[in-house]
Each structure stands twice: as C-alpha cells, then as structure tokens.
Amino acid sequence: MNCFPLTFFFLDKPIDRPETLSFTLISISLMKIHNSRTQRGGIKLHKNLLVSYVLRNARQVYIKEKYAEIYRMQQYEEVMTVCNEIQELNPLELDAEDTEDEDLTRTEPEPVYYRSCCMEAPLPSPCDQLPDCCCDAFQCAQSAQSPAKKRKMDFGYCASDLDDFTTSRKRLKREDCLYSCQDFTDTSNISNLISIFGSGFSGLLSRQADLEQICSKQALAGLGAWTRAIVAF
Amino acid sequence: MCCQLANGLCVCFSLSSYFFLYPHVPLWVSAADIISTVEFNHTGELLATGDKGGRVVIFQREPESKTEPFSQGEYNVYSTFQSHEPEFDYLKSLEIEEKINKIRWLPQQNAAHFLLSTNDKTIKLWKVSERDKRPEGYNLKDEEGRIKDISTVTSLQVPVLKPMDLMVEVSPRRVFANAHTYHVNSISVNSDYETYMSADDLRINLWHLDITDRSFNIVDIKPANMEDLTEVITAAEFHPHHCNLFVYSSSKGTLRLCDMREAALCDKHSKLFEEPEDPSARSFFSEIISSVSDVKFSHSGRYLLTRDYLTAKVWDLNMESKPLETYQVHDYLRSKLCSLYENDCIFDKFECAWNGTDSVIMTGAYNNFFRMFDRNTKRDVTLEASRESSKPRAVLKPRRVCAAGGKRRKDDISVDSLDFTKKILHTAWHPNENIIAIAATNNLYIFQDKLNSEMH
C-alpha cells in the first residue's frame, strides 16, 4: 500500500557507505516479492519483473563495494602484518636492513588458496573472505540440481554477463526454495540471502597463480609507505 | 493567471461543471470507489468511468439551452451498472479482481451506444440504449403484466406506444473470456469497427466483436523459459486510420509498430522505436522509470505519445531512433526515487492524452496535479484538481513545484510537501472541444476551457 506520505526520505540523503543503500534496497525488494504472493489479484508479472531489476542492480553494487572493502581490509592486514614484523627489529641497527629484507621474504604471507571470482571488479576478490555459510548454502543450492545442469551453470557464471536477468532470477528461485518459510524482515536471514547472491561466482582455478603474484607484488608495493599507513590507521 | 496556449486559446480551465462525487461520500476513501479508467466516446457526448469495484458510470452532456446558460454542456449521470464481479480461478487458486482496467467506446452506428470494458481477464461488450416509450393496452395481460381472466376480455384493442420517463438500459451483449493467462492492460477498437484487440503482459489477441468463443493471437513475447523473461507488454493501441497497424509498448521503454498484413503472428515488428539509454544517468531504478505506462496515437495517426515515470514523449512514426519531443513531467522526483520505490509509488502507471488537434498533451502527476504541454509554443502548465482550490466557475490557478531548497515563491509547493497518495493516473480529453476529465482517486473533475464556454 502506498497510502503514506514519504516517510523514508532518509534513503535519498547521501549515505556514506553505498553498500548500505544497496543492502537496504535488496531487503526491500525481497520483501516486495514475498508480499506479492499474497496480494489480491495474483502475482503481478510486470511489477515483479521491475523489482527483480532493482534487486539485480542493488546486488551488483553491493558485491562490488563489498569486494572493494575486503580488498582494502586485506591490504591493511598485510601492511599491518609486515609492520608488526618490522617493529620487532631495532631500526637503529645498521645491519637491520639486511635482516629486514630477510624477514620480509620470510614473513611474506604463505600462498593462500584464492578462489578467484570472475566479475568486472578489476581487483582479485578472495572469496574465502566471505563467511563460510554462504559457500555452503550456495553449494547446497547447486547440488539440488542435476550434475549436467550444475556444470552448465558453472560455465554460465564464469563466462556470462552478470547483467543477465536470468542469473538473478535463477538465484531468486534458489533462495525461494531455501528460504520460502522465512520472515524476510529478519536481518540475519537477509544477510544470508545476500551471501548467497554474493557467492554466485564459482572460480576459475587457473587464475590462482596469477593472483598470488599480484597479491605479493601489492604487498611489497604497500611496504614502501608503511610508515604513512601506520600513522593513517 | 491564464495560460496562453496555441492559436490564442486561453486555457484557463475552470471548474465549470461539476465536480462529481460518487453517490455515497464517506469520510474515508472507499477503495471500491477509486476510479480506474476514464473515456470519452467518439462525439464527446458521453463520458464513461470505471472503478475498482467493477462499476461503470456513464455521464451524458446536457444539450445547451439558451434559457439556462449555466447548464450548458453540463455532464450528468446517465447510467450506472455493475460491469464485473470478483471471480475466483479455482485451478490456480487466484482471485480475479473486478477492477475495470479499461473502457473503450465503439463508434455509434445506431441509436444505441456500445462500449467494451475489461478487468484483468474478461472483456465485455455492453449495449447502452434508451427507452422512452412503452406499449400499453395489451389484450391478454394488464398494466402490471398479470394475465387477465379471459372471461373479462370483451373486445380486442391494438396496443399503442405511450411516452414514459426516460430509462437507460444497459445489457451485456458479449462476454470475451478465457483468452488471457496474464493481466489484461489494454483494449483497442480497430478502425474497421469489426475487430478489436486485447493485450496482457505477454500476449495480444485479436477478436471479432461478434465472436466470443475464439480469438487470434497476434503477438506472443512469452519466452520458452520464463526465467529468461526480460520485458512485458505494457500498452497497445490500433492506428486510428490504418486497420492493419497497431503499436505496443514494453517495460523496457520500447515501442513496436506492427503490420498485420506481414504475418499472422506479429512477433517481428515493422518498426522499433527506442531511445538509447544515457549511461551517465544509470541508477538502481533505470529499468523502472523507463517502462512505458501508456501509449496513444495522435488523432492524425502521425505521432505517438508515450508516458514513462518521469517524462512524456512524442514520437514521429517516421523516426525510430529517438523521440521527437520529450517533456519533463516531474523531474524533481528523480532524486526521490528510493523513497518512491519503498512506498510503491514508482510503480504508478500514469496515462496520457492528446487534445483534439494534437497540439497539446496532458498527463497526471502527484498531489492532484496534472500537466499540459503545448507542443507548438513549448509552454506548459501545472494545474490542480481539488475541492479546496477550486470553486465552481473559478479559473484554475497554475501551480508550481519548487525543488527543496530552491527559490520559493508564494503559493509554491515544495517537493517534500507533495501528497503522494493523491495521484492523477487517468485523464481524458474531449475529442473535439477543450473539455477534460480528470480522475483524482474517487472524484471525477470535469474542466472546461473558459473560452470554450464563452463561445456557447
């Protein structure tokens, strides 16, 4: 019902964290789709189609922002790790430099398995940073389908245009069967659904080696400014 | 106060009529009374409205009389009838709303009037006729219709027609049912006066007015896999003169002109009218605000008028690449789309209308405002349909909406004060004269151009 004056103008004010707005839109959209099932006159195809477009758009923005945030956090963690290592050394010792380099190479992070995600984001996106439940849920959802279909979907996710409405609709259907009984106003449930959407990119394992290289280089590049970074944080 | 429009016409719309309320005037707005469609007939003598409760009310224009100058051209209630009732689809466990989505008049061919009315699933043809005489003097039955005792009949008489109080009879002549799986959004009568089409979200069917048990499917955009659905049909209309041409609009903002002579199934368009999207204007709601809510051919048949959430566009049938003219209806809402999405207002489907000479277009907005754009002078005006701001015979005052924080004049209304529950979705323009019908929730306003009324 739209019988109220605009009470949610706050949504239109600038929000510091864009992913907050997209998160809100995702939850609103899901609620609309859920409510449409009980509306008089049957499900309105046109309205639900439009809502699914908003859902898709919000999801894309949310994922991009989330990955950007995770990357920033990862960079910070790497820098902090190295800084902590360096702090153990006496900066006044002359041979510290040699030791430093040694330590750096020694303390270089172990090559971690990065399940890369294919998307438009220019940066590698470590999927393992996302909560485990999303991966599990996604695996559950995928296993519900026949093996042939599953394989097809993997290719689909890797290669297809993420703007494809199909993918979002498929995911919508998946969350539908998983969470059909849930109350969508429950934030934790919504965040699970978000995770499902967020984890919709099965990886291309061949990119693993490239990613390790990139990450190491970036870690090293970040070290040059470590003093600045420490001050900033 | 007066807005000078084309050819010197002073469009000072005044509430010269009347301001029609439905018979009962409750303190709250009864949902069943919300007007859902408005349509003048081809001469403008009759005006039909449909509401959410499935009723149709027909107004008739009183003939002008010199003795009562102020009742010239007044529209009064002519007939009221229940067109559709709520139904239940047992197979799908779905309730079918009785709300009248569209009314279309047939051109008059004899003394009776015919109109088509449709809800989500079923189209009905109604005959509206007058009876002002009745036969009296039957031999075998008396005045009340009771059979007479034969023994009392001593002589034979010929029944004669005697005048009676005018009675308007409405009877259903055809019921066109079971042809639409999805919700019917449009009906349009063909210029051949024999056929008409009905459009739902995914299909358009062609009917013969005399045949109810079958229809031809002429457009089908349903994908093999519903998960691949990307767009739906939002409106459709026949060309006013060429009985083989029709146009339909989509939720993606495209228009397709189809020629029925080319193929039985008009899935392939003859012309596709589409404006390329501006990538810099992309937002979460780009798809919603580009969805076309209404499409109307101009009376000449040369142009198309479309309405999407924020604009009205005029297209030239000869130019597919972009619209000829774009009019901003309420661009100040562009920064409010999030809230409008949250309260569902962004899904409101506004209609649009041409005036008789195709020089002015009109469409509704919020806060009971409606807008008119003069295509020649490029001037536009915002008017309000409300009891508070209008007295009978008063000239409507142009209104102005100022953006929040903008320079504000007296009587301006700010965007944040707009009442989004008061929306004007349905408007109609008399085919020949400057008389407009505005549906504001459960009220119908009929405005007449001052100059127009002075001429009579």
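This text gives an overview of the structure that appears in the document. It should be emphasised that the depicted structure is a prediction, and the values quoted were computed from it without experimental measurement. (Residues numbered from 1 in each chain as written. Chains lettered and ligands numbered in written order. Predicted model: local features only at pLDDT ≥ 70, side-chain atom pairs only at ≥ 80, totals over all residues. Heavy atoms only, no water.)

**Looking at the overall build of chain B**
And then number 1: Scanning chain B from terminus to terminus reveals 3 helices and 35 strands.
And then number 2: Put simply, chain B has 456 residues, and 54% of those count as buried.
And then number 3: Contacts spanning at least 24 positions in sequence make up 53% of the contacts within chain B whose residues lie at least 6 apart.
And then number 4: Roughly 20900 Å² of accessible area belongs to chain B as shown, and the carbon and sulfur atoms make up 52% of that amount. (Helix = DSSP H or I, 4+ residues; strand = E, 2+ residues; numbered from the N terminus. Buried < 20%, exposed > 50% of the residue type's maximum accessible area, 1.4 Å probe, protein only. Contact = heavy atoms within 4.5 Å. Areas by Shrake-Rupley, 256 points an atom, 1.4 Å probe, with all protein chains shown as cover.)

**Comments concerning the sheet that holds strand β8 (residues 75-82) of chain B**
Residues and elements named next belong to chain B.
And then number 1: Spatially, β5-β6-β7-β8 is the arrangement adopted by the 4 strands of the open sheet, whose pairing is antiparallel. The open sheet has two edge strands, β5 (35-40) and β8, and neither has a second partner. Averaged over all pairs of adjacent strands, the angle between strand axes in this sheet comes to 20°, irrespective of strand direction.
And then number 2: In this sheet, strand β6 (residues 46-51) lies alongside β5 in antiparallel orientation, the contact comprising 5 bridges. Bridged to Phe 40 within β6 is Leu 47. (Pairing = 2+ DSSP bridges. Axes fitted to C-alpha atoms, helices over the stretch in contact; angles between N-to-C directions.)

**Quick notes on the packing of aromatic side chains**
Residues and elements named next belong to chain B.
And then number 1: Per the counting criterion, the structure on display carries 19 aromatic pairs over all chains.
And then number 2: Between Phe 81 and Trp 126, the ring centres sit 4.6 Å apart and the planes meet at 45°, which makes this aromatic pair tilted. Residue Phe 81 is located in strand β8, and its partner Trp 126 is located in strand β13 (residues 123-136); the two are separated by 45 residues in the primary sequence. Like Phe 81, the residue Trp 126 is buried in the burial classification.
And then number 3: An aromatic cluster is built from Phe 284, Phe 285, Tyr 341 and Phe 347, whose rings are joined through pairwise contacts.
And then number 4: Here the basic side chain of Lys 141 rests over the ring of Tyr 138, its NZ or CZ set 4.7 Å away from the ring centre.
And then number 5: A cation over an aromatic ring shows up here: Arg 375 above the ring of Tyr 303, its NZ or CZ 4.6 Å from the ring centre. (Phe/Tyr/Trp six-rings, centres within 6.5 Å; stacked < 30°, edge-to-face > 60°. Lys NZ or Arg CZ within 6 Å of the ring centre and 35° of its normal.)

**Describing the environment of Ala263(B)**
And then number 1: Its place among the elements puts Ala263(B) in the loop between β21 (255-259) and β22 (271-273).
And then number 2: Taking the C-alpha atoms as reference points, Ala263(B) and Ile218(B), 45 residues apart in sequence, are found 8.8 Å from one another.

**Observations concerning the sheet that holds strand β25 (residues 311-316) of chain B**
All names here are of chain B.
And then number 1: With respect to topology, 4 strands assemble into an open sheet ordered β23-β24-β25-β26, the strand pairing being antiparallel. Edge positions in the open sheet fall to β23 (294-297) and β26 (325-328), since each of these has one partner strand only. Here the average twist between neighbouring strands, direction ignored, is 15°.
And then number 2: Both β23 and strand β24 (residues 303-307) contribute to a ladder of 4 bridges, which runs antiparallel. Within the sheet, the bridge partner assigned to Phe 297 lies in β24 and is Leu 304.

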